[in-house]
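Observations on chain architecture
Spelled out from the first residue to the last, the chains are:
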Amino acid sequence: MLKLALSPFSWLYSIVVYLRNKAFDLGWFSSKRFSVSTLVVGNLSFGGTGKTPMILWLIKEVFNAKKVVVLSRGYGRKSVGFKWVKSESIPEEVGDEPLQIFNSSSQLPVAVCEDRRLGIERIVSDLSPEIILLDDAFQHRKVSAKANILLTTYLNPFFNDCYFPKGKLRDHKTQANRADIIVVTKCPVDLTKEEAKVIKNRISKWSSASVFFATLQYPTLGVEVLDSIRSTKNLLITGIADATPLESYLFELDIPFDHLDALLLGAMVFVLFLLIRKFRLDSLALLVFLSFGFHYSADSSPYPDNELVVFHDYQKTLIGIKENKDVTYLHDTSQSVKQRLIDNY
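These remarks concern the structure in this document. (Residues numbered from 1 in each chain as written. Predicted model: local features only at pLDDT ≥ 70, side-chain atom pairs only at ≥ 80, totals over all residues. Heavy atoms only, no water.)

Here we look at the environment of tyrosine 154
To keep things clear, this is the line we draw: Secondary structure elements are defined from DSSP: runs of H or I of at least 4 residues count as helices, runs of E of at least 2 residues count as strands, and each element is numbered from the N terminus. Should any heavy atoms of two residues lie within 4.5 Å, those residues are considered in contact. A 3.5 Å cut-off defines polar contacts: any pair of N or O atoms within that distance qualifies, except that in protein one atom must be a possible hydrogen donor and the other a possible acceptor, and neighbouring residues in sequence count only when both atoms are side-chain atoms.
Along the chain, the position of tyrosine 154 falls in the loop between strand 6 (147–153) and strand 7 (181–185). In this structure, the C-alpha to C-alpha distance between tyrosine 154 and isoleucine 199, residues 45 residues apart in sequence, is 8.7 Å. Discounting residues that sit within four places of it in the chain, tyrosine 154 has contacts with Val184, Thr185, Lys186, Cys187, Pro188, Leu191, Glu195 and Ile199. For tyrosine 154, the side chain forms a polar contact with the side chain of glutamate 195, separated by 2.4 Å.

Okay, here's the thing in structure tokens:
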């Protein structure tokens, strides 16, 4: 019923993003191409496709012999303008994902700037890199990248999704045709060739890009660690768009946990804030709301400090991907896509 009510707004949103992209296509809005190689990793939806793991995989597996710099917008930071991510940086200053990329890639140069043009110019001036990886810049069309890698998830591929606010799409489906490579992420390890062919055929209606399939692999936990976790009460705290793969991983390990979604919590707090403003409720309502909604009040928390185990979705790596003559499929190596990126970008 709610989705039906949101349909007109989704239709209007799709028209707006379509016209915006058409303006760039016709040259009404300018787009600049730089001499330095630029590679975009992005999606058509509002997060949850695995951009950060892809960036890390490209750094470690594809461009490890190149002079690479990562440029991100720095979503969620309180600062503005261009900033280099440093060892002493904090998420409020540069954003959590750029900081994670910096710490997970042996402190490879990472910068944040909401104006990608300005950011690229500053990076070229400071470091003269061979390649700049543009994190989540598929919609930033003021920069014409040398190549675009578009990510979409197995459970919610863009061709099945609806436009915001009815669905998660923030860009028009026709924009998939701008991609040079499309990676279907978070696939099951036992994805069949037949299923991959079906997905590839659905994508081909929107894009002629090469299609690859990938999955996530979490670290192997030792027996002692598993026994310890299984015997305690665990609280899973996430702040990501889609925690389904992580939840499945914990279920498979038979680890008991309750899930506190920080994004959902933030949305609920925002709604309550509006209610407080509207009906002039006092701040006590917020505490009561959280206590009854999540049962984690300070006095009755089922998670004492010595038993609290917090998991997060950052310890993940991208399994390699390989192309077959008739279909791309999951594999434990990834020479095909790696070689193509190395040769061309």
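Things to note about the pairing of strand 2 (residues 68–72)
Stated precisely, the cut-off is as follows: The buried label goes to any residue with under 20% of its type's maximum accessible area, the exposed label to any with over 50%, and the partly exposed label to all in between, with areas taken from a 1.4 Å probe on protein chains only. Two strands make a pair as long as DSSP finds a minimum of two bridges between them.
A large share of strand 2 lies buried, amounting to five of its five residues. Summarising the sheet, strand 2 and strand 5 (residues 131–135) pair through four bridges and their orientation is parallel. Residue pairing across strands places valine 70 opposite leucine 133, the latter belonging to strand 5.

Concerning the packing of aromatic side chains
Put simply, the rule is: Whether two aromatic rings pair depends on their centres lying within 6.5 Å, for rings of Phe, Tyr and Trp, where Trp uses its six-membered ring; planes under 30 degrees apart make the pair stacked, over 60 edge-to-face, and the rest tilted. Whether a charge lies above a ring is judged from NZ of Lys or CZ of Arg, which has to be within 6 Å of the ring centre and within 35 degrees of the ring normal.
Counting across every chain of the model gives five aromatic pairs. Plain terms: the ring middles of tyrosine 13 and phenylalanine 164 are 5.7 Å apart, the flat faces sit at 65° to each other, and that makes the pair edge-to-face. On the criterion of sequence distance, the pair formed by tyrosine 13 in helix 1 (residues 2–25) and phenylalanine 164 in the loop between strand 6 and strand 7 is long-range, its members being 151 residues apart. When its relative accessible area of 22% is taken as the criterion, tyrosine 13 is described as partly exposed. Geometrically, the ring pair formed by phenylalanine 158 and phenylalanine 159 is edge-to-face, given 5.8 Å between the ring centres and 75° between the ring planes. Each member of the pair, phenylalanine 158 as well as phenylalanine 159, carries the same accessibility label: buried. Of the aromatic side chains, those joined through ring pairs into one cluster are Tyr13, Phe46 and Phe164. Directly above the aromatic system of phenylalanine 138 lies the positively charged group of arginine 178, at a separation of 4.1 Å from the ring centroid.

Regarding the nonpolar core
Rule in force here: Nonpolar core, defined: a set of buried Ala, Val, Leu, Ile, Met, Phe, Trp, Tyr and Cys residues in which side-chain atoms within 4.5 Å join the residues together.
Counting residues in each nonpolar core, the largest one holds 35 residues, and the members touching the most others are Leu71, Ile120, Ile123, Leu134, Ile203 and Phe213. When residues of this core are traced back to their parent elements, those giving at least two are strand 2, helix 5 (116–127), strand 5, strand 7, helix 6 (193–204) and strand 8 (210–213). Considering each element in turn, this core owes the most residues, three residues, to helix 6.

What about the pattern of salt bridges?
When the charged atoms of two side chains with opposite charge come close together, those side chains can pair. The cut-off we apply is this: Each reported salt bridge corresponds to a side-chain nitrogen of Lys or Arg within 4 Å of a carboxyl oxygen of Asp or Glu.
Summed over the entire model, instances satisfying the criterion amount to five salt bridges. Note that arginine 77 is salt-bridged to glutamate 114, the shortest N-O span being 2.6 Å. Taken as a pair, arginine 77 in the loop between strand 2 and strand 3 (83–84) and glutamate 114 in the loop between strand 4 (110–112) and helix 5 lie far apart in primary sequence, 37 residues in all. Between aspartate 136 and arginine 170 there is a salt bridge, with its nearest N and O atoms 2.4 Å apart. In this pair, aspartate 136 is assigned in the loop between strand 5 and strand 6 and arginine 170 in the loop between strand 6 and strand 7, connecting sequence segments 34 residues apart. Owing to a relative accessible area of 26%, aspartate 136 belongs among the partly exposed residues under this scheme. Under the relative-accessibility criterion, arginine 170 is labelled buried at 17%.

Topic: helix 6
Here is the rule: A helix is expected to span 1.5 Å for every residue after the first. Summarising the geometry, the arc corresponds to the directions from the helix axis toward the C-beta atoms.
The terminal C-alpha atoms of helix 6 lie 16 Å apart, and with twelve residues this matches the ideal 16 Å at 1.5 Å per residue to within 8%. Where helix 6 is concerned, the buried positions are Ala196, Ile199 and Ile203. Take helix 6 and look down its axis: the buried residues cluster within an arc of 65°, on one side only. In helix 6, the exposed positions that point more than 90 degrees away from the buried face belong to Glu194 and Val198.

Structural notes on the sheet that holds strand 3
Threshold: What counts as an axis is a line fitted to C-alpha atoms, over the stretch in contact for a helix, and the angles between N-to-C directions run from 0 to 180 degrees.
In spatial order, the strands read 3-4-2-5-1-6-7-8; together these eight strands make up an open sheet with mixed pairing. The open sheet has two edge strands with one neighbour each: strand 3 and strand 8. As defined by bridge partners, strand 7 adjoins strand 8 across four bridges and the pair is classed as parallel. Bridging across to strand 8, valine 184 finds its partner in phenylalanine 213. The strands touched by helix 4 (residues 96–104) are strand 2, strand 4 and strand 5; relative to strand 4, the strand with the most contacts, the crossing angle is about 170°. Seen against the sheet, helix 5 touches strand 1 (37–43), strand 2, strand 3, strand 4 and strand 5 and runs at an angle of roughly 155° to strand 2.

Re a nonpolar patch on the surface
How we decide: Any residue with relative accessible area above 30% and no salt bridge may belong to a patch, with like charges joined within 9 Å and the nonpolar Val, Leu, Ile, Met, Phe, Trp and Tyr side chains within 5 Å. Values of accessible area rely on a 1.4 Å probe in the Shrake-Rupley scheme; residue burial ignores everything except the protein chains shown.
A contiguous nonpolar patch, built from Trp11, Leu12, Ile15, Tyr18 and Leu19 and spanning about 510 Å² of accessible area, is present on the exposed surface. Here tryptophan 11 shows up in helix 1.

Remarks on helix 4
Turning to helix 4, its buried residues are Pro98, Leu99, Gln100, Ile101 and Phe102. Summarising the contacts, the buried residues of helix 4 are in contact with helix 2 (51–62), strand 2, helix 3 (91–94), strand 4 and strand 5. Trailing helix 4 by a residue or two, serine 106 shows a phi angle of about 55°, which is positive.

Comments concerning the layout of surface pockets
To keep it simple, the criterion reads: Grid spacing is 1 Å over the protein atoms alone, the probe is 1.4 Å, and a cavity is where that probe fits but cannot get out, while a pocket is an open set with protein on both sides within 12 Å along at least five of seven lines and lining residues have an atom within 4 Å of a point. Grid points are joined across faces, edges and corners, and a volume is the space filled by probe spheres set on the points. Residues are grouped as follows: Ala, Val, Leu, Ile, Met, Phe, Trp, Tyr, Cys and Pro are nonpolar; Asp, Glu, Lys and Arg are charged; every other residue, Gly included, is polar.
Of the volumes computed, that of the second largest pocket is approximately 370 Å³. Along the walls of the second largest pocket sit 15 residues, with Cys187, Thr215, Leu216, Pro245 and Glu252 positioned nearest its centre. Take the lining of the second largest pocket: its biggest share by element is five residues, from helix 8 (residues 244–252). Split by residue class, the lining of the second largest pocket holds nine nonpolar, four polar and two charged.

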